[in-house]
Amino acid sequence: MTQPPVFDTSYARLPDRFFARQDPVPVRAPALIALNRDLAVRLGLDPDWLAGPDGVAMLAGNTMPASATPLAMAYAGHQFGGWSHSLGDGRAILLGEVVTPDGARFDLQLKGAGQTPFSRRGDGRAWLGPVLREYLVSEAFAALDIPTTRALAAVSTGEVVVREASGRPGAILTRVASSHIRVGTFQYFAARDDVPALETLCKHLIDRHYPQSETPLDLLRAVVARQADLIAQWMAVGFIHGVMNTDNMALSGETIDFGPCAFMDVYHPNTVFSSIDQYGRYAYANQPQIAAWNLAQFASCLLPLMGPEGPAIEAATEAVHGFAPQFQAAWLRRFGAKIGLARADEDDRALIEDLLSRMATERADFTRTFRGLVTGRARNEFIDPAAFDGWEARWQARLAAEAAPQAVMARANPVRIPRNHRIEAAIVAAVEDDFAPFHRLGAALARPFDPAPEFSDLEAAPRPEERVERTFCGT
Ligand code: AMP
Ligand code: MG
């Protein structure tokens, strides 16, 4: 006997103004594209039920298990620095929370499940492209051991979604997250001067993710610490999120909302992919400052819970200012490991920065250069290999003091990342009903540190004509 999920949804027990109850809008002809069986098992779900007709019907939003409490969450946020008083889940519906065999709680959310009261002018739908992109990149993140939401399933809907005047195949992603509480969720209530709601949300967040925090200030410090480490991890794999709006920063510390995100090929600190990021607000090198800015918005939401205003502002400011040194320390540790240092110290920072600046000048591929330090092929990535040689001599001298630099580097420098041109190629094939490149890429990205010869073609940087320089929002 196969079993449907049993939901136990703490968020649905919060006050009514936190969300709108909303059933998914049924779709015409659901079909399973991908089911993440390993993840299903880890969540305590039955993969055979999920892959069967009732499971696929749930993953498409056509039927709900009895315990589901479908709802759209309310949130607000700053988008590209501009304030939006009301955003909310416009195309995502929370089915409910599941509690795993080891007691962890996760949201199951359908993305692209139809209109909600927060849809504004949107159709509430997603097309295949962004669904497959999020599936591949979020699962690649999980394999790289970077905190992230996950992809449980992707289904096609048998319906057409219109984007940029063309009809595209509709799809729905099932996203799994520790929670979907965002900076923007706090901002929604702060903007309405709803202090009781802020208190409730703060307590909920502490219970769920930060049980060691006793006060809102403790919570703020803990959130800052997780974000500092998270952003350092993005930087260390050359990842550009692309839409670091406050509604796209999850307070659990997981990476969320893989819209126009991308991994860099050629290293340059100013790299931007998103077609809507005209001024490079969310460029690679800006990500730490933007995270700190978002955290300042979060801090300001907590002020009404922090006692007398003057001391509250002072303490909150200090907590947010803690981001920069914590990020710098995490960055040094992560990039130190990338050049083989088990414990990099401040004196090593210049060595790392020198490599990066030579990479930028010589248009070196980020992933291949760092992996090349393991294999001895890094110098091939530089237009002028002499630029690498100059650095290598200093690096080798420093490595003499290290016990096992090869092992350290091999764990820190992935062989394969989800390169943009590969994702695009998988999407183009999938639109033509060929899902083989998508599945193959997914299988390769599940083992990012394994130089498996059968996937060696996926290590290549794009040829000039293959380069994908622009990515689009997940709409
Ligand atoms: P995002 O760019 O995914 O962070 O989304 C920003 C906001 O736009 C959120 O409130 C989304 O729910 C909403 N949104 C994005 N796409 C759609 C869509 N196709 N239909 C309705 N709302 C959408
Ligand atoms: Mg979003």
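These numbers were taken from a predicted model, which means no experiment stands behind them.

K.L.:
Any chance you could break down the packing of aromatic side chains for me, citing the residues and the numbers?
P.N.:
Here a ring pair, both rings aromatic, is described through the centre-centre distance and the interplanar angle of the planes. Tallied over the full model, the rule gives 23 aromatic pairs. Between Tyr 267 and Tyr 284 the ring centres are 6.0 Å apart and the planes differ by 90°, which places this aromatic pair in the edge-to-face class. Pair noted here: Tyr 267 is in the loop between strand 12 (262-263) and helix 8 (287-302) and Tyr 284 is in the loop between strand 12 and helix 8, with a separation of 17 residues, a long-range link. With a centroid separation of 6.0 Å and 35° between ring planes, the pair formed by Tyr 267 and Phe 366 is classed as tilted. Here Phe 366 lies in helix 12 (residues 366-375) and Tyr 267 lies in the loop between strand 12 and helix 8, a separation of 99 residues in the sequence. Considered together, Tyr 267 and Phe 366 belong to a single accessibility category, that of buried residues. Each residue in the set Tyr 267, Tyr 284, Trp 331, Phe 335, Phe 366 and Phe 370 is aromatic and connected to the rest through ring pairs, giving one cluster. The ring of Trp 127 is capped by Arg 168, whose NZ or CZ atom sits 4.7 Å from the centre of that ring. If you follow Lys 338 out to its NZ or CZ, it ends over the ring of Phe 370, 4.8 Å from the centre.

K.L.:
Before we move on, could you go through the coordination of the magnesium ion (ligand 2) and cite the residues and values that matter?
P.N.:
Listed as protein donors to the magnesium ion (ligand 2) are Asn 248 (OD1) and Asp 257 (OD); their distances from the metal cover 2.0 to 2.2 Å. Its relative accessible area of 12% is what places Asn 248 among the buried residues. Relative accessible area serves as the criterion here: at 11%, Asp 257 is assigned to the buried category.

K.L.:
Lay out the pairing of strand 10 (residues 166-177) in plain terms, naming residues and giving numbers.
P.N.:
With respect to burial, strand 10 is a largely interior element, nine of its twelve residues being buried. Bridge analysis of strand 7 (residues 105-111) against strand 10 gives five bridges, and the strand direction is antiparallel. Bridging across to strand 10, Asp 107 finds its partner in Ala 177. As defined by bridge partners, strand 8 (residues 126-127) adjoins strand 10 across two bridges and the pair is classed as antiparallel. For Trp 127, the partnering residue across the bridge sits in strand 10 and is Gly 170. Joining the antiparallel neighbours strand 9 (residues 150-163) and strand 10 is a turn of two residues, in which Glu 164 adopts a positive phi near 50°.

K.L.:
Would you mind going over helix 14 (residues 405-412) in detail, with residue names and values included?
P.N.:
Taken together, the buried positions of helix 14 are Pro 405, Val 408 and Met 409. Along the axis of helix 14, the buried positions cluster into a sector of 95°, meaning they face one direction only. Elements that come into contact with the buried residues of helix 14 comprise helix 10 (323-338), helix 12 and helix 13 (385-399).

K.L.:
So what's going on with the pattern of salt bridges? Which residues, and what values?
P.N.:
This structure, assessed with the given rule, holds 33 salt bridges. We note a salt bridge from Arg 133 to Glu 424, for which the minimum N-O separation is 2.9 Å. Of the two residues, Arg 133 is situated in helix 4 (residues 128-143) and Glu 424 in helix 15 (residues 420-431); the sequence distance between them amounts to 291 residues. By sharing partners, the salt bridges in this structure join Asp 8, Arg 13, Glu 97, Arg 105, Asp 107 and Arg 208 into a single network.

K.L.:
Now, about unusual backbone geometry: what can you tell me, with residues and values included?
P.N.:
Positive phi, close to 50°, is recorded for Arg 120, a residue that is not glycine. Checked against the element boundaries, Arg 120 lands in the loop between strand 7 and strand 8. The backbone of Asp 257 shows a phi angle near 65°, a positive value even though the residue is not glycine. With respect to the secondary-structure elements, Asp 257 resides in the loop between strand 11 (239-240) and strand 12.

K.L.:
Go over the packing of helix 5 (residues 183-190) against helix 6 (residues 195-209) with me, naming the residues and quoting the values.
P.N.:
For the pair helix 5 and helix 6, the least separation of the axes is 9 Å and the interaxial angle reads 160°. When the interaxial angle is binned, helix 5 and helix 6 end up roughly antiparallel. Once helix 5 is placed against helix 6, the crossing between them reads as left-handed. Taking contact as the criterion, the partners of Thr 185, Phe 186, Phe 189 and Ala 190 in helix 5 are, on helix 6, Ala 197, Leu 198, Leu 201, Cys 202 and Leu 205. Looking at the contact of helix 5 with helix 6, its residues break down into eight nonpolar, one polar and no charged.

K.L.:
Outline the environment of Asp 354, listing residues and values.
P.N.:
By the element assignment, Asp 354 lies in helix 11 (residues 349-361). C-alpha of Asp 354 to C-alpha of Arg 182: the two residues are 172 residues apart in sequence and 36 Å apart in space. The residues touching Asp 354, leaving out its near neighbours within four places in the chain, are Trp 391 and Arg 394.

K.L.:
For the packing of helix 15 against helix 16 (residues 436-445), give the residues involved together with the corresponding values.
P.N.:
The N-to-C vectors of helix 15 and helix 16 enclose an angle of 145°; their axes lie 7 Å apart at closest approach. Judged by residue contacts, Arg 422, Ile 423, Ala 426 and Ala 429 of helix 15 engage Pro 437, Phe 438 and Leu 441 from helix 16. Tallied by class, the residues present in the contact of helix 15 with helix 16 amount to six nonpolar, no polar and one charged.

Reading guide: rules and limits
- Residues numbered from 1 in each chain as written.
- Chains lettered and ligands numbered in written order.
- Predicted model: local features only at pLDDT ≥ 70, side-chain atom pairs only at ≥ 80, totals over all residues.
- Heavy atoms only, no water.
- Phe/Tyr/Trp six-rings, centres within 6.5 Å; stacked < 30°, edge-to-face > 60°.
- Helix = DSSP H or I, 4+ residues; strand = E, 2+ residues; numbered from the N terminus.
- Buried < 20%, exposed > 50% of the residue type's maximum accessible area, 1.4 Å probe, protein only.
- Lys NZ or Arg CZ within 6 Å of the ring centre and 35° of its normal.
- Donors = N, O, S within 2.8 Å, 3.2 Å for Na, K, Ca; no water.
- Pairing = 2+ DSSP bridges.
- Arc of directions from axis to C-beta.
- Contact = heavy atoms within 4.5 Å.
- Salt bridge = Lys/Arg side-chain N within 4 Å of Asp/Glu carboxyl O.
- Axes fitted to C-alpha atoms, helices over the stretch in contact; angles between N-to-C directions.
- Parallel < 35°, antiparallel > 145°, perpendicular 65-115°, else oblique.
- Left-handed = near helix turned anticlockwise from the far one by under 90°.
- Nonpolar A, V, L, I, M, F, W, Y, C, P; charged D, E, K, R; others polar.

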